[in-house]
There are 2 protein chains.
Amino acid sequence: MDTHITELSALLGGNGVLVGEDVSGRSARIWTDETVQAAAIVRPRNTNEVSEVLRYCHAANQPIVVHGGLTGLVDGARTTPSDIVLSTESMNKIESIDKTGRTMTVQAGVKLQHVQEAAESEGLLFPLDLGARGSCTIGGNIATNAGGNRVIRYGMTRDMVLGAEVVLADGTIVSSMNDMIKNNAGYDLKQVFIGTEGSLGVVARAVLRLREQPVTDESVFMGVDEFDKLPTVLKQMDQRLGGTLTSFEVMWNDFYSLMCEPDSNHQPPIPLDFPYYVLVEAWGGDADTDRQRMESAVESLYEDGLIGNAAIAQSVAQRNAFWAIRDDVERCMTVHPTFVFDVSLRIGDMENYIEEVNRRLTKEFGTYRIYTFGHLGDGNLHFAINTGADPNDQHPVERCVYEPLRAINGSISAEHGIGLEKKQYLDISRSEIEVDFMRTLKKSLDPKGILNPGKIFELNC
Amino acid sequence: MDTHITELSALLGGNGVLVGEDVSGRSARIWTDETVQAAAIVRPRNTNEVSEVLRYCHAANQPIVVHGGLTGLVDGARTTPSDIVLSTESMNKIESIDKTGRTMTVQAGVKLQHVQEAAESEGLLFPLDLGARGSCTIGGNIATNAGGNRVIRYGMTRDMVLGAEVVLADGTIVSSMNDMIKNNAGYDLKQVFIGTEGSLGVVARAVLRLREQPVTDESVFMGVDEFDKLPTVLKQMDQRLGGTLTSFEVMWNDFYSLMCEPDSNHQPPIPLDFPYYVLVEAWGGDADTDRQRMESAVESLYEDGLIGNAAIAQSVAQRNAFWAIRDDVERCMTVHPTFVFDVSLRIGDMENYIEEVNRRLTKEFGTYRIYTFGHLGDGNLHFAINTGADPNDQHPVERCVYEPLRAINGSISAEHGIGLEKKQYLDISRSEIEVDFMRTLKKSLDPKGILNPGKIFELNC
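Residues numbered from 1 in each chain as written. Chains lettered and ligands numbered in written order. Predicted model: local features only at pLDDT ≥ 70, side-chain atom pairs only at ≥ 80, totals over all residues. Heavy atoms only, no water.

## Comments concerning the relation of the copies chain A and chain B
To keep things clear, this is the line we draw: Alignment of copies: least-squares fit on C-alpha atoms of residues with pLDDT of at least 70 in both copies. Throughout, a residue-residue contact means that at least one pair of heavy atoms, one from each residue, lies within 4.5 Å.
Aligned on chain B, chain A shows an RMSD of 0.0 Å; the corresponding rotation is 180° and the shift along the axis is 0.0 Å. Here the two chains are linked by the operation of a two-fold rotation axis. Considering only C-alpha atoms, the residue of chain A closest to the rotation axis is Gly-243 of chain A, which sits at 2.3 Å. Counting the interface residues of chain A, we find that 100% of their copies in chain B are interface residues as well, pointing to one common contact surface.

Quick look at the structure:
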């Protein structure tokens, strides 16, 4: 290993390689005390340096794990003491913004919030947004195909990437920096790498698609008394808001009640007696009519008996207060250990599925705490579950949440990915033939298996 | 070959295999008199039969070309007399529609128009639309990642496909019929196949994402006097229409004047003295305010001097008349031979590029006719060019159109694909390393090269 470190230091310069406490002093994952275990952290500054690192490691059969902001939740960036970490922290340049073409060219290590702010400073919008915005990197967003709150309108990260420059395991640079919305000149190579958790190549640069900034921002908080009404509320909002709908978030009473407990900072926008709460956001372009449109949509839902109460945000402060309730997920996690989940399923299966999860948890644990919320418009549910003080409950809880997805073709990962944490459950959502197909791609592009080894699936089975 | 036909007939039944005049009597491509040349046409009825056909052909090293509606424009489905055609015409079932989940499950041979109508009958929308809707199949749309007029809002076919069932060259069925908007459980396998022109696998079934039907449909025809104003018109419309904008089509004066000639059926909505015409469409959800929103957007453009004239459609008939002008592309093609192009580039490069194409055409041919139009919002330009009676002018014309894209990283194919027709120009838009990467995928998934051989690139170089 010392030879590797010497050689890599020669490639990158002394400042480009960290060892010892500069490695072990780093946090390995948010919401834990774990620190990074690795032989070294290498910090290339550009695509060519990434290529040189990979060429060297490929020849040496040296495993490489890419680190972005380390905000992932599935142990997708976990390392062993003999791994080398490739950190994108020195690749943090926004290279250019094309205002007319509405694109931004970036290095992979740029933080999401930096991308958002740079777009905004040019009067444009990069619509991806998640709680980790201040720490996560665009490279990590691409590697995990990150989602967030506005998928219903703008799609996931995949839909916001026009081009990518990827370094293959052997150091080959495949530069496919397309900056056009339409380009069918041969295979769309970036698609092979997006959402593959760093297992097929290292994304070094990307071209991002920017959008127009919204002129108006309307948020409404609504109470609903039956699950069956939620899809109709979604459908009517989607239709009446005509393309301006950006979010359709649902909170179950367990979640909302926790957020509105007296010791929290949140004021309940509407009373606590509904089983379901919906937070809808619409971004429009016409200050004269957008409020009226939202009001008449809400009135119509009320007249049809689909909602029992509603509060439309009357100010930016009120809008922010509504969203603070939805975003205060850490309040679910004050009791340790709390296990957090991210699944997706058909909306039509959702009510029965949640009942089944609770039935299994009751049978297994008797008492437990569960908070349920999610991006209903995308079929994406989150749970935060606490069953007591025993961290060994994790796997039994996971089985209660994941197993019922098998029969209904649900997904054990809507947006967080598989990493190591969900690997043992992948067969619930994917067939052996699908996983074999993933292996075919992996073996074709990374035949020595040096890139993020052991994540998602075992290479040899 | 007789053995193959006997064996395939045994697999599919007599009606499943066509030979002789049933093959040679078929049109091979729209807008030509060519007929299909192939040893046989096989017509599997389901995924298992596709698998059996491929398993047999793989063992026999027999090339296979998939035929959908044969509306492609780049010779992507061309066959040789020794090929076997796999037609999806007997795989034309809409299997199910999930109204709550807003998805449709289909076989690959269902015609696009049939998909559109089935969605509409459930009060939903499948937003992909192109002139070939009555003939093209959803499988062909997926294989070519078809675009059309509404890409700016709904994306290309890739963005409308949630799941796919694909048969690999050796007959392996990879069924990945995801029906959720969010699913990050391992690699997103469909992405490998979409837009690869049938060269990596045969899409047999798919899950399509449906949307809400629009409540309102506003169209406006505008005249613009300088190219530099077009990106600002696009930007302002995109911002003010706040997510309802579905199309931003631009016609150059050459195109518009041809459409409005006295012998055509079209009435000019505005005078013929502008160099550029824009047709904007917005689909909204609020009958009370959408017209007002469009009117104030148009007024604002006029006040800012960005447009010189505008007509807002006052009826469905007028709206259809506006679009008939844009869609009457065949009027450009009454003189034979007319060569049709589909390129994409940054909007900021567009004016110089068009000048350069015309400079080259003038230098090469002296006189010629050119009609210019396209989906400006996507950077997508179309040309229809006639240089006289000589069909051998095709390649010199292609060079005039494609070569100037090299320096500006433009694409020789925005939405039509590469097929055979553009294969010799692929190096203008893609590097040798990118094409090598395509070969790596091809060799990994179709090692014998039996699927649509010779299209897009040469397998061995």
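## Some remarks on the packing of helix H12 (residues 347-365) of chain B against helix H13 (residues 394-402) of chain B
All names here are of chain B. This is how it is decided: Axis definition: a line fitted to C-alpha atoms, limited for helices to the stretch in contact. Angles are taken between N-to-C directions and run from 0 to 180 degrees. Put simply, DSSP H or I for four residues or longer makes a helix, DSSP E for two residues or longer makes a strand, and each gets a number counted from the N terminus. Oblique is the label for every angle not falling under 35 degrees (roughly parallel), over 145 degrees (roughly antiparallel), or within 65 to 115 degrees (roughly perpendicular). Each helix crossing is assigned a hand: it is left-handed if the near helix lies turned anticlockwise from the far helix by less than a right angle, otherwise right-handed if that turn is clockwise. Lys, Arg, Asp and Glu make up the charged group, whereas Ala, Val, Leu, Ile, Met, Phe, Trp, Tyr, Cys and Pro make up the nonpolar group; the residues left over, Gly among them, are polar.
Two elements in contact, H12 and H13, have axes whose closest approach is 8 Å; the angle formed by their N-to-C orientations is 150°. Between H12 and H13, the crossing angle belongs to the class labelled roughly antiparallel. For the pair H12 and H13, the crossing hand works out as right-handed. Mapping the contact onto sequence places Tyr-353, Val-357, Arg-360, Leu-361, Glu-364 and Phe-365 in H12 and Pro-396, Val-397, Arg-399, Cys-400 and Val-401 in H13. When its residues are assigned to classes, the contact of H12 with H13 shows eight nonpolar, no polar and three charged.

## Considerations on the sheet that holds strand S2 (residues 40-42) of chain A
Residue and element names in this part refer to chain A. Our working rule: When DSSP finds two or more bridges between two strands, those strands count as paired.
Pairing is mixed in the open sheet, where four strands are placed in the order S1-S2-S4-S3. Either end of the sheet is taken by a strand with one partner, and the two such strands are strand S1 (17-18) and strand S3 (64-67). Pairing between S1 and S2: two bridges, direction antiparallel. Bridged to Val-17 within S2 is Val-42. Strands S2, S3 and strand S4 (84-87) of the sheet are contacted by helix H3 (residues 47-59), whose axis makes an angle of about 155° with S3.

## A closer look at the packing of aromatic side chains
Where we set the bar: For Phe, Tyr and Trp, where Trp contributes only its six-membered ring, two rings pair if their centres lie within 6.5 Å, and the inter-plane angle classes them as stacked under 30 degrees, edge-to-face over 60, or tilted in between. To sort residues, take the accessible area from a 1.4 Å probe on protein chains only and compare it with the maximum for the residue type: under 20% means buried, over 50% means exposed, and anything in between is partly exposed.
Per the counting criterion, the structure on display carries 30 aromatic pairs over all chains. With a centroid separation of 5.6 Å and 75° between ring planes, the pair formed by Phe-457 of chain A and Tyr-187 of chain B is classed as edge-to-face. Here Phe-457 of chain A is found in the segment after helix H15 (432-445), whereas its partner Tyr-187 of chain B is found in the loop between strand S9 (173-176) and helix H7 (190-193) on a different chain. A single burial state applies to Phe-457 of chain A and to Tyr-187 of chain B, both of which are buried. Aromatic side chains Phe-255 of chain B and Phe-373 of chain B sit 4.5 Å apart centroid to centroid with 35° between the ring planes, which places their arrangement in the tilted category. With Phe-255 of chain B in helix H9 (residues 253-259) and Phe-373 of chain B in strand S17 (residues 369-375), the pair connects residues that are 118 residues apart, well separated along the chain. Look at Phe-255 of chain B and you get buried, because its relative accessible area is 0%.

## Things to note about a negative patch on the surface
Our working rule: Residues enter patches when they are more than 30% accessible in relative terms and free of salt bridges; like-charged ones are connected within 9 Å and nonpolar ones (Val, Leu, Ile, Met, Phe, Trp, Tyr) within 5 Å. For every accessible area listed, the method is Shrake-Rupley and the probe measures 1.4 Å; residues are considered covered only by the protein chains on display. One speaks of a salt bridge when a side-chain nitrogen belonging to Lys or Arg is within 4 Å of a carboxyl oxygen belonging to Asp or Glu. Positive residues here are Lys and Arg, negative ones are Asp and Glu, while His and the chain termini are left out of the count. A single reference atom marks each charge: NZ on Lys, CZ on Arg, CG on Asp, CD on Glu.
Negative charge collects at one region of the surface, where Glu-295, Glu-299, Glu-303 and Asp-304 of chain A lie side by side. Relative to the helices and strands, Asp-304 of chain A resides in the loop between helix H10 (290-303) and strand S15 (309-312).

## Considering the side chain of Lys-442 of chain A
Checked against the element boundaries, Lys-442 of chain A lands in helix H15. Taking relative accessible area as the criterion, Lys-442 of chain A reaches 5% and is therefore assigned buried. Once residues within four sequence positions are removed from consideration, Lys-442 of chain A is found in contact with Ser-199, Leu-200, Pro-447, Gly-449, Leu-451, Phe-457 and Leu-459 of chain A together with Tyr-187 of chain B.

## Things to note about helix H1 (residues 2-12) of chain B
Residue and element names in this part refer to chain B. Formally: Starting at the helix axis, one direction is taken to each C-beta atom, and the arc is that of these directions.
Of the positions making up H1, those classed as buried are His-4, Ile-5, Leu-8 and Leu-12. The buried residues of H1 occupy an angular sector of 95° when the element is viewed end-on, so they sit on one face. Relative to its buried face, H1 has exposed residues pointing more than 90 degrees away, namely Asp-2, Thr-3, Thr-6 and Ala-10. Looking at the packing, one finds that the buried side of H1 touches strand S1 (17-18), strand S2 (40-42), helix H3 (47-59) and strand S4 (84-87). A positive phi of about 85° marks Gly-13, the residue just after H1.

## Overview of the sheet that holds strand S3 (residues 64-67) of chain B
Residue and element names in this part refer to chain B. Taking strand neighbours across the sheet as the criterion, the four strands line up as S1-S2-S4-S3 in an open arrangement whose pairing is mixed. Each of the sheet's edge strands pairs with one partner strand only, and the pair in question is S1 and S3. Note that S3 and S4 share four bridges and pair parallel. Bridge assignment links Val-65 to a residue of S4, and that residue is Val-85. Sitting on the sheet, H3 is in contact with S2, S3 and S4, with an inclination near 155° to S3.

## Side note on unusual backbone geometry
In this structure, the amide linkage connecting His-336 of chain A to the following residue, Pro-337 of chain A, adopts the cis form with an omega of -10°. Among the structural elements, Pro-337 of chain A can be located in the loop between helix H11 (316-327) and strand S16 (339-344). One non-glycine residue, Asp-75 of chain B, lies in the positive phi region at around 55°. Judged by relative accessible area, Asp-75 of chain B falls into the buried class, the value being 16%.

## Considering the environment of Ile-181 of chain B
Looking at where Ile-181 of chain B falls in the secondary structure, it is placed in the loop between S9 and H7. Ile-181 of chain B gets classed as partly exposed once you look at its relative accessible area, which sits at 25%. Sequence separation of Ile-181 of chain B and Thr-103 of chain B is 78 residues, and the distance between their C-alpha atoms is 9.8 Å. Those residues in contact with Ile-181 of chain B that lie beyond four places of it in its chain are Val-151, Met-156, Gly-377 and Asp-378 of chain A together with Leu-162 and Arg-209 of chain B.

## A short note on the confidence of the model for chain A
Worth spelling out the cut-off: Across the chain, each position has a pLDDT score giving the predictor's confidence in that residue, from 0 to 100.
Taken residue by residue, chain A gives an average pLDDT of 96. The fraction at 70 or more is 100%. With pTM at 0.97, the complex prediction returns an ipTM value of 0.97.

## Digging into H12 of chain B
All names here are of chain B. Test applied: Take the residue count of a helix, subtract one, and multiply by 1.5 Å to get its expected span.
Over its 19 residues, H12 runs 27 Å from end to end, which matches the ideal 27 Å to within 8%, given 1.5 Å per residue. Listed in full, the buried residues belonging to H12 are Ile-347, Asp-349, Met-350, Tyr-353, Ile-354, Val-357, Asn-358, Leu-361 and Phe-365. Elements that come into contact with the buried residues of H12 comprise helix H8 (230-240), strand S13 (245-252), strand S16 (339-344), S17, strand S18 (380-386) and H13. One or two steps after H12, the chain reaches Gly-366, where phi turns positive at roughly 75°.

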